[in-house]
Amino acid sequence: MHKNNIYKAKKRLNFIMALILILGFGGITVRLAYIPIFKPEYKTMVKKQYMKVTRIKPQRGMIYDRNMNVLAKSASVWNVVVSPKTFKDEKQKEVAVEGLSSLLDVEKKKIATSLKKSSYYEVIKRSVEKPLADKVREFKRENGIWSIYLVPSEKRYYLRKDFLANVLGFVGNDGEGLEGLERYYEQDLKGFDGKVIGDTNAWGTDMPNSTQKVYDAKNGNSLVLTIDASIQEIVEKHLKDAVKEHSVENRAVGIVMDVHNGEILAMATKPDYDPNEPFKVFDETKKAELEKITDQTEHAQTELKFLQEQWRNKAVSDPYEPGSVFKIITAAGALAEGVIKEDSDFYCPGYITVGDRSINCWRPEGHGHINFEDALIHSCNPAFATIGLKLGQENFIKYFKAFGFKELTGIDLPGEAPCIFHSPENFSDHTLAVSSMGQTFKTTPIQLITAVSAVVNGGKLVKPHIVKQIIDEDHNVISSNETVVKRQVISKKVAQIIADGCEKVVSEAGGRQAYRKGQKRGGKTGTAEQLDKQVHGEVVNYTLSFLAFAPTDNPQIAVLVLLDTPRIGQLWGSVIAVPVVGRILDDIYQYVNIEPTYVTSDSVKSVCLPNLEGKTVDEAKEILRESNLRYNISGEKETVLGQLPAAGFYVPEKSIVTLYTDFDEDVSSVEVPDLVGKSLESAKNKLNEMGLNYMQQDSKSEGSNKEHAIITKQTPEADTKVKPGSIIKLEFVYSSDTRIN
Ligand SMILES: [Zn+2]
């Protein structure tokens, strides 16, 4: 061989050795491959690498759900790279364009452009899996094209498509966690590099007499989440349906949390994306919008904005006005501070004036005289404004802080946003009154569900978390996230009063669509006006939500669903958000196989009383017949002027509604019979005979025989004179004695 040729061959060999070494033949990071290595400023660095160290890349840890279902894993893949400068001739380039294009499904034009460049390193396709990589190897061997390289890399696989995306996050092309848990637990997941120091043979074979030292890589640790993939799937499915059905413009959020230890069982934002393709805009409307932009810079900026919106975990990063769900917190604070009692009375004429401004009740005709429990059950605004004012600014802030709204929950996810609240100088009596109803400030969904969990778990504020354990590759436990109780906020007694009220929200009022026979569910609805997005002074956007917990006698889980800016349907939390939570709870109950416990009161179906005022008597009769209700007419005029019970109350089917057509006429009154000690069935019959209605209060004690309930208390008491159609509240216990009549 000619000396010059040998020199050339040697030089070429040196180059290839350097290239392979740098590109990671022995396991060098893909990140290095990004560096335009032949720019002068990198030359010294390259030389150093070549002389001293080869990096061995560890494998990234896995992500499992709580039942060890794999959610994310990494596998070896290859990047197909060409070195245009070292191609033999144009003919060889043409062969490469043809071959690679058909093998890799990359446009010929794109490959040809790369090959025209005067460079040593152009990526043609990333993350090619083994079968295809083998085909590329075969192709280069058959055609003798040694300027095509397969550079080892790693690919992250998310095993379920469109699943838990905003929580898991994703990794970038260099394998580093960019969002979600992948980002938060980067240090645990990534592992430690290994290295080879010394006269490394770049080909990866041992050099005789070399003095190299090998330090093994340590693979990343894995995460075991508190998430239950089955519950997560349930939540995602129902959120997805709700977004579609109600044309939810600004995304829906759902969280399921264990109220005792703060474990997150499910957390979802819909619509979301597929973490396997995080850089693709998934929203069809936004995609179309993007396609219309011709200016390159504007296109790139808009695309980034859309992607960031798509990636954001709304459950922790986006504060919203909670609306009436927050009344639970106001009530808990006021009861704990003793400024109100269970039997405190309020009066709601449909509005309340605070300072020089008026605050409306959601029910324009008002709730009239209403006690604390009914104010909570029926979500009366003036009552809660009054409760807030009684609590006072200082105490309101005290409980606001105690329930964790002034701090981050500390959940192990990136991007948690703080609550947005009034500054002290802007906190007037009016803002206090409105804040007590959950308006004019913003909290994150995770803060709210954590605070309400503290109300229903007996008063403990726990730290929510989403990673249960960190384990190594042999599944040894490295660390565990134990339950962190931050503080005791309220007493168990106060917690129980609120839980009882919330159960009635579901059995008797706004949460009725989540009510199921034999399942003790409690909750509170929210219909929040988005005050910062008014158009010409009018509220046009709403956030509808429902926060439920179950079972009410010993709450285990809390479920929060919020629909941000729905466009289709009646925009009330009770109408739109409640059924979504109802269905989620149905599926969870079925999944965990909880048998319903049937009680006597469950066999009766409740009806929401329609508003009949202003209707003709005939129209009213027809409406009542359709609702399976009976009627009683007082007066002889044509038009209904009033009704008893009032519209909006829930009564059992076949209840009697008294329609008043003439208030001047002396309405006969009825004396309430003595029902204490009688069986529930006979009490109901007696009231029916007398033209009175009844409402059943939940029973706390359960005897062995659920068929027999006896009345322990009645409101109003016996002998009280009431108008026909009035509701008599009955409390009862189950008796084991079957002889009770
Ligand atoms: Zn009211």
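As a reminder, the structure under discussion sits directly above these lines.
This section reports on the structure supplied with the text. In this text the structure is predicted, and so the values were computed from the model without any measurement. (Residues numbered from 1 in each chain as written. Predicted model: local features only at pLDDT ≥ 70, side-chain atom pairs only at ≥ 80, totals over all residues. Heavy atoms only, no water.)

1. Here we look at helix α4 (residues 90-104)
- Under the 1.5 Å per step criterion, the end-to-end length of α4 is 21 Å for 15 residues, consistent within 8% with the ideal 21 Å.
- Within α4, burial applies to Gln-92, Lys-93, Ala-96, Val-97, Gly-99, Leu-100, Ser-101 and Leu-104.
- Elements in contact with the buried residues of α4: β3 (70-82), α5 (108-116), β4 (122-128), α6 (130-143) and β5 (148-158).
- N-cap assignment for α4: the residue whose side-chain oxygen lies 3.3 Å from the backbone N of Lys-91 is Asp-89. (Helix = DSSP H or I, 4+ residues; strand = E, 2+ residues; numbered from the N terminus. Expected span 1.5 Å × (residues − 1). Buried < 20%, exposed > 50% of the residue type's maximum accessible area, 1.4 Å probe, protein only. Contact = heavy atoms within 4.5 Å. Polar contact = N/O pair within 3.5 Å; in protein donor to acceptor, adjacent residues only side chain to side chain.)

2. Here we look at the packing of aromatic side chains
- In this structure the tally under the stated criterion is 18 aromatic pairs.
- Taking 5.6 Å as the distance between ring centres and 75° as the angle between the ring planes, the aromatic pair formed by Phe-170 and Phe-279 counts as edge-to-face. With Phe-170 in the loop between α7 (165-168) and α8 (180-184) and Phe-279 in the loop between β10 (264-270) and α11 (284-292), this pair connects stretches of sequence that are 109 residues apart.
- Look at Phe-170 and you get buried, because its relative accessible area is 1%.
- With 6.1 Å between their ring centres and 50° between their planes, Phe-326 and Phe-396 make a pair best called tilted. In this pair, Phe-326 sits in the loop between α13 (314-317) and α14 (327-337) while Phe-396 sits in helix α16 (residues 381-402), placing the two residues 70 residues apart along the sequence. (Phe/Tyr/Trp six-rings, centres within 6.5 Å; stacked < 30°, edge-to-face > 60°.)

3. Brief notes about the nonpolar core
- Core analysis: the biggest nonpolar cluster contains 101 residues, and Leu-181, Leu-225, Met-267 and Phe-403 have the highest contact counts within it.
- The element that contributes the greatest number of residues to this core is α16, accounting for 9 residues. (Core = buried A, V, L, I, M, F, W, Y, C linked by side-chain atoms within 4.5 Å.)

4. Focus on the coordination of the zinc ion
- At 2.1 to 2.4 Å from the zinc ion lie its protein donor atoms, namely Cys-348 (SG), Cys-361 (SG), His-367 (ND1) and Cys-380 (SG).
- Metal-centred angles of 99 to 122° between the 4 donor atoms at the zinc ion mark the site as tetrahedral.
- The sequence pattern formed by the donor residues of the zinc ion is C-x12-C-x5-H-x12-C. Like His-367, Cys-361 is buried. (Donors = N, O, S within 2.8 Å, 3.2 Å for Na, K, Ca; no water. Tetrahedral: all angles 85-135°; square planar, octahedral: opposite > 155°, others 65-115°.)

5. A word on the pairing of β10
- For β10, the buried fraction is high: 7 of the 7 residues fall into the buried class.
- Here strand β9 (residues 252-258) runs beside β10; their pairing, made up of 6 bridges, is antiparallel. Note that in β10 the partner of Val-256 across the bridge is Ala-266. (Pairing = 2+ DSSP bridges.)

6. Some remarks on the pattern of salt bridges
- Per the counting criterion, the structure on display carries 32 salt bridges.
- In this structure, the salt-bridge partner of Lys-93 is Glu-90, at a minimum N-O distance of 4.0 Å. A residue pair is termed a helical-turn pair when its members lie 3 or 4 positions apart in one helix, as Lys-93 and Glu-90 do in helix α4 at 3 residues.
- Assessed through its relative accessible area of 14%, Lys-93 is described here as buried.
- Note on Glu-90: relative accessible area 54%, which makes it exposed. (Salt bridge = Lys/Arg side-chain N within 4 Å of Asp/Glu carboxyl O.)

7. Details of the side chain of Ser-147
- Secondary-structure assignment places Ser-147 in the loop between α6 and β5.
- Judged by relative accessible area, Ser-147 falls into the buried class, the value being 2%.
- Apart from residues no more than four positions distant in its own chain, Ser-147 is found in contact with Val-81, Val-82, Ser-83, Thr-86 and Phe-87.

8. Quick word on the packing of α14 against helix α18 (residues 445-456)
- Taken N-terminus to C-terminus, the directions of α14 and α18 make an angle of 45°; their axes are 10 Å apart at the nearest point. Comparing the axis directions of α14 and α18 gives the class oblique. As for how α14 packs across α18, the hand of that crossing is left-handed. On α18, the residues that touch Ile-328, Ile-329 and Ala-332 of α14 are Ala-451, Val-452 and Val-455.
- Residue classes in the contact of α14 with α18 are distributed as 6 nonpolar, no polar and no charged. (Axes fitted to C-alpha atoms, helices over the stretch in contact; angles between N-to-C directions. Parallel < 35°, antiparallel > 145°, perpendicular 65-115°, else oblique. Left-handed = near helix turned anticlockwise from the far one by under 90°. Nonpolar A, V, L, I, M, F, W, Y, C, P; charged D, E, K, R; others polar.)

9. Examining the packing of α11 against helix α12 (residues 296-311)
- Contact geometry of α11 with α12 gives a least axis separation of 9 Å together with a crossing angle of 170°. By the angle between their directions, the pair α11 and α12 is classed as roughly antiparallel. Residues Lys-286, Glu-289 and Leu-290 of α11 form the contact with α12, whose own contacting residues are His-299, Thr-302, Glu-303, Phe-306 and Glu-309.
- Its residues assigned to classes, the contact of α11 with α12 shows 2 nonpolar, 2 polar and 4 charged.

10. Some words on the sheet that holds β9
- Here we have 5 strands laid out as an open sheet, ordered β10-β9-β21-β20-β19, and antiparallel in their pairing. A single partner strand is all that each edge strand has here, and the edge strands are β10 and β19 (522-529). Along the sheet, successive strands turn relative to each other by an average axial angle of 10°, direction set aside.
- Where helix α10 (residues 229-245) meets the sheet, it contacts β9, β10 and β21 (557-564), and its direction lies at approximately 25° from that of β10.
- Together, β9, β10, β20 (542-550) and β21 form the strand contacts of α18, whose direction differs from that of β9 by roughly 35°.

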